[in-house]
Amino acid sequence: MPRRAGALLDPASASRYLTTPLMDKPRVRFAPSPTGYLHIGGARTALFNWLWARKTGGTFVLRIEDTDQERSTDASTRVILDSMRWLGLDWDEGPGVGGPHGPYFQMQRLDLYAAHADRLVAEGKAYRCYATREEIDALRMKLPEKKRDGFVYPHLWRDKTEADWIPNAPYVIRFKTPLAGATEFVDKVFGAIKTPHASIEDFVIIRSDGVPLYNFGAVVDDVTMNITLVARGSDHIINTPKQILLYQALGAAVPEFAHLPMMQSPAGRKLSKRVGDEQGVDVPVEKYQQNGWVPDGLLNYIARFGWSAGDQEIFSRDELVAKFDWANCGTGDGRYDKKKALWVSGEHLKRLTDEDFAARVYPFLARVGVTIGADDPRLLPAARTVKTRSARLLDAAEAMAFYFNDITLDPAAAEKFLTDDAKANLRAMAELLDGVADFTDAGIGAAVEAWLAERALDIKIVAQPARVALTGRTASPGLYEVIAVLGREVAVRRLRAAAGA
RNA sequence: GCCACCGUCGUCUAAGGGCCAGGACACCGGAUUUUCGUUCCGGUUGAUGGGGGUUCGAAUCCCUCCGGUGGUGCCA
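Residues numbered from 1 in each chain as written. Chains lettered and ligands numbered in written order. Predicted model: local features only at pLDDT ≥ 70, side-chain atom pairs only at ≥ 80, totals over all residues. Heavy atoms only, no water.

Visitor: Help me understand the overall build of chain A in this model?
Guide: Each helix and strand counted, chain A has 21 helices and 12 strands in total. By the compact-globule yardstick of 23 Å for 501 residues, chain A is too spread out, its C-alpha radius of gyration being 31 Å. Taken along its principal axes, the extent of the C-alpha atoms in chain A is 105 × 45 × 40 Å. For chain A, buried positions account for 50% of its 501 residues. Taking as baseline every contact in chain A between residues at least 6 positions apart, the subset at least 24 positions apart corresponds to 76%. Only carbon and sulfur atoms are counted for the fraction: they give 52% of the accessible area of chain A, which is about 23300 Å². For chain A, the centre of its 64 positive side-chain charges and the centre of its 65 negative side-chain charges are spaced 4 Å apart. (Helix = DSSP H or I, 4+ residues; strand = E, 2+ residues; numbered from the N terminus. Rg over C-alpha atoms; globule rule 2.2 N^0.38 Å. Buried < 20%, exposed > 50% of the residue type's maximum accessible area, 1.4 Å probe, protein only. Contact = heavy atoms within 4.5 Å. Areas by Shrake-Rupley, 256 points an atom, 1.4 Å probe, with all protein chains shown as cover. Lys, Arg positive; Asp, Glu negative; His and termini not counted. Charge placed at Lys NZ, Arg CZ, Asp CG, Glu CD.)

The following block contains the structure:
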């Protein structure tokens with residue numbers, strides 16, 4: 001494993017760059033592309049940036065990188081923003097809130113990119129390339145098959161001058177990458193990373209339609225938005241040298257960089273939505289919302305992925321803010337672990353107050369066919385009985401449904417437990433409950449225990465049949481609490497129905 | 001192919017030259033319990049990718065091989 005930040009640069013070979021002067025407060029950003037949904041890995045990137053901003057009193061900027069016009073949609077922007085809000089990752093500048101460095105959509109900043117690109121061209125640091133895609137492809141195809149993969153743009157227009165420009169013909173703008181030397185930077189997570197310029201081709205910074213490509217748009221924005229620390233997935237490590245070259249060409253201070261290892265599928269694949277579906281992992285953040293995760297639970301799981309603080313596993317949002325640091329980020333890619341994710345979710349549910357838990361479960365009740373009012377007096381006591389046995393709110397709602405809706409007996413359970421002897425006991429129990437004065441968990445328990453003692457019956461004999469009769473299933477919260485929440489009328493009716501059937 | 005990065009229990013991680021490689025999830029066993037779950041206890045159940053070095057001593061430093069990931073686009 002490489003030494004993290006602090007590894008030495010080789011001053012002789014690296015082209016040095018300006019270090020961001022220690023400014024007052026960090027400015028970080030999250031810059032998603034609106035091409036679908038908020039990816040769980042993207043949420044993690046956003047979270048780490050947000051944590052750093054909140055911890056340091058810095059600024060968290062949200063920017064929408066919508067320059068891929070083929071795939072970007074407004075609907076997607078809304079979905080991403082909604083997921084960010086649901087997670088509680090509020091941004092200080094960006095869509096909806098504005099800010100002094102807007103607009104925060106790249107397609108509304110085209111003039112800015114053009115101006116910067118033109119300046120680079122004027123200064124000889126970039127150049128117009130009139131070679132068409134077809135032309136370049138033809139050159140590539142001329143190579144022997146084995147060498148085609150290694151084809152790089154052959155500097156066709158690198159040394160041409162304005163006199164060579166073709167009037168009215170489309171062109172792209174390419175960056176004039178230094179032919180020799182190397183660019184090295186010290187990543188806050190990965191340590192020193194060095195890339196020889198020879199391995200960087202003269203990459204396109206502006207398309208023929210005037211729209212910038214990722215590397216250029218991101219740099220111009222990060223410069224003009226005064227971003228001091230760029231934190232993103234390690235898939236961008238490869239882009240960093242190009243971007244540093246761009247900062248230097250623009251005469252701008254180079255920000256700090258922090259890359260995060262990738263979150264892979266359980267089988268170690270790239271975590272795309274399709275792969276996630278195949279391997280049982282929810283990739284879009286909206287799915288977690290729909291399945292009844294609490295935001296802090298999701299944040300906890302993804303924070304703890306690639307980062308740690310001693311042996312602690314469960315963190316509140318505030319603890320995350322207090323304890324987060326780039327130095328405790330690891331470098332190895334990791335695999336999503338669904339079981340652990342669910343465990344973390346459940347731990348967060350357990351830590352909710354009963355009232356809070358009930359209020360959060362309520363919206364999910366409708367999803368499982370329960371239509372009660374938010375002020376239904378059974379809601380809180382019912383919710384309380386399933387809180388510690390559910391991993392997500394949707395699971396809790398499902399586990400609670402029997403309290404409110406008519407039940408159907410699980411056939412296998414009925415077959416096994418609703419024997420003639422058991423039915424006789426259920427009738428007797430119904431009788432008993434009818435007369436219990438203190439119809440509470442404790443009161444019912446006392447009455448039933450006394451009744452059992454009187455008849456020399458073991459609770460094990462009557463519990464399961466009663467459970468099946470009352471809930472339809474063999475697994476449920478404690479029998480007495482179930483009865484108490486159900487209420488005398490319903491409990492008695494269900495016992496008799498099962499006994500009579 | 002080339003470039004960059006990464007490699008500790010099945011999984012997430014700790015230890016960054018020196019006490020049995022620690023914790024968590026998972027898994028197995030047990031206790032408690034009216035079921036499930038919770039909770040508690042136990043686990044020689046389980047790992048430094050392989051091989052070379054350096055060193056009294058290596059998961060840790062060096063070399064090499066292997067493996068994985070990302071990139072190699074007028075995607076981001």
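Alright, that's what it looks like, and here's the rest.
Visitor: Would you mind showing me how to read the side chain of Asn215 here?
Guide: The topology assignment puts Asn215 in helix 6 (residues 214-224). Contacts of Asn215, omitting those with residues within four sequence positions, involve Phe203, Asn239, Lys242, Gln243 and Leu246.

Visitor: I'm lost on the sheet that holds strand 8 (residues 204-206) in this one. Help?
Guide: Note on sheets: strands pair through backbone hydrogen bonds, and any given pair is parallel or antiparallel. Strand order in the open sheet formed by 3 strands is 4-5-8, and the pairing between neighbours is antiparallel. What marks the edges here is a single partner per strand, and that holds for strand 4 (126-129) and strand 8. For this sheet, the mean inter-axis angle between neighbouring strands, taken without regard to orientation, is 45 degrees. Of the strand pairs in this sheet, strand 5 (residues 172-175) and strand 8 are connected by 2 bridges, and their pairing is antiparallel. Within strand 8, the position partnered with Ile173 by the bridge is Ile206. (Pairing = 2+ DSSP bridges. Axes fitted to C-alpha atoms, helices over the stretch in contact; angles between N-to-C directions.)

Visitor: Looking at this structure, how should I read the packing of helix 3 (residues 110-122) against helix 6?
Guide: To characterise two packed helices, one gives the angle between the axes of the helices and the distance between these axes. Where helix 3 contacts helix 6, the axes come no closer than 10 Å and their chain directions differ by 100 degrees. One finds that helix 3 runs roughly perpendicular with respect to helix 6. Residue-level inspection shows Leu112, Tyr113, His116, Ala117 and Leu120 of helix 3 in contact with helix 6, the latter providing Phe216, Gly217, Val220, Asp221 and Thr224. Its residues placed into classes, the contact of helix 3 with helix 6 shows 6 nonpolar, 3 polar and 1 charged. (Parallel < 35°, antiparallel > 145°, perpendicular 65-115°, else oblique. Nonpolar A, V, L, I, M, F, W, Y, C, P; charged D, E, K, R; others polar.)

Visitor: For this particular structure, what's the right way to read the pattern of salt bridges?
Guide: A side chain with one charge can pair with a side chain of the opposite charge if their charged atoms come near. This structure, assessed with the given rule, holds 30 salt bridges. The residue Arg27 makes a salt bridge to Glu93 at a minimum N-O spacing of 2.9 Å. With Arg27 in strand 2 (residues 27-30) and Glu93 in the loop between helix 2 (74-87) and helix 3, this residue pair connects regions lying 66 residues apart in the sequence. With a relative accessible area of 6%, Glu93 lands in the buried category. Among the ionic pairs, Arg85 bridges to Asp82, the shortest N-O distance being 3.4 Å. Of this pair, Arg85 and Asp82 are both found in helix 2, 3 residues apart, which corresponds to roughly one turn of the helix. On the accessibility criterion, Asp82 (46% relative accessible area) is partly exposed. Here the residues in one salt-bridge network are Arg29, Arg63, Glu65, Arg109, Asp221 and Asp222, joined through shared partners. (Salt bridge = Lys/Arg side-chain N within 4 Å of Asp/Glu carboxyl O.)

Visitor: Before we go on, may I ask you to explain the side chain of Ser390 in this structure?
Guide: Mapped onto the elements, Ser390 comes out in the loop between helix 14 (379-386) and helix 15 (393-404). A relative accessible area of 7% places Ser390 in the buried class. There is a polar contact of 2.8 Å between the side chain of Ser390 and the backbone oxygen of Val386. (Polar contact = N/O pair within 3.5 Å; in protein donor to acceptor, adjacent residues only side chain to side chain.)

Visitor: Can you walk me through the nonpolar core in this structure?
Guide: Looking at soluble globular proteins, one finds that nonpolar side chains tend to be buried together. In this structure, Phe48, Met84, Ile205 and Trp326 are the most contacted members of the largest nonpolar core, which totals 84 residues. For this core, the element with the highest residue contribution is helix 1 (residues 40-56), accounting for 9 residues. Setting aside anything within four residues of it in sequence, one finds Phe48 in contact with Leu260, Ile302, Ala303, Phe305, Trp307, Phe324, Trp326 and Cys329. If you look at the next biggest cluster of nonpolar residues, it comprises 57 residues, including Ala358, Val370, Ala397 and Trp451. (Core = buried A, V, L, I, M, F, W, Y, C linked by side-chain atoms within 4.5 Å.)

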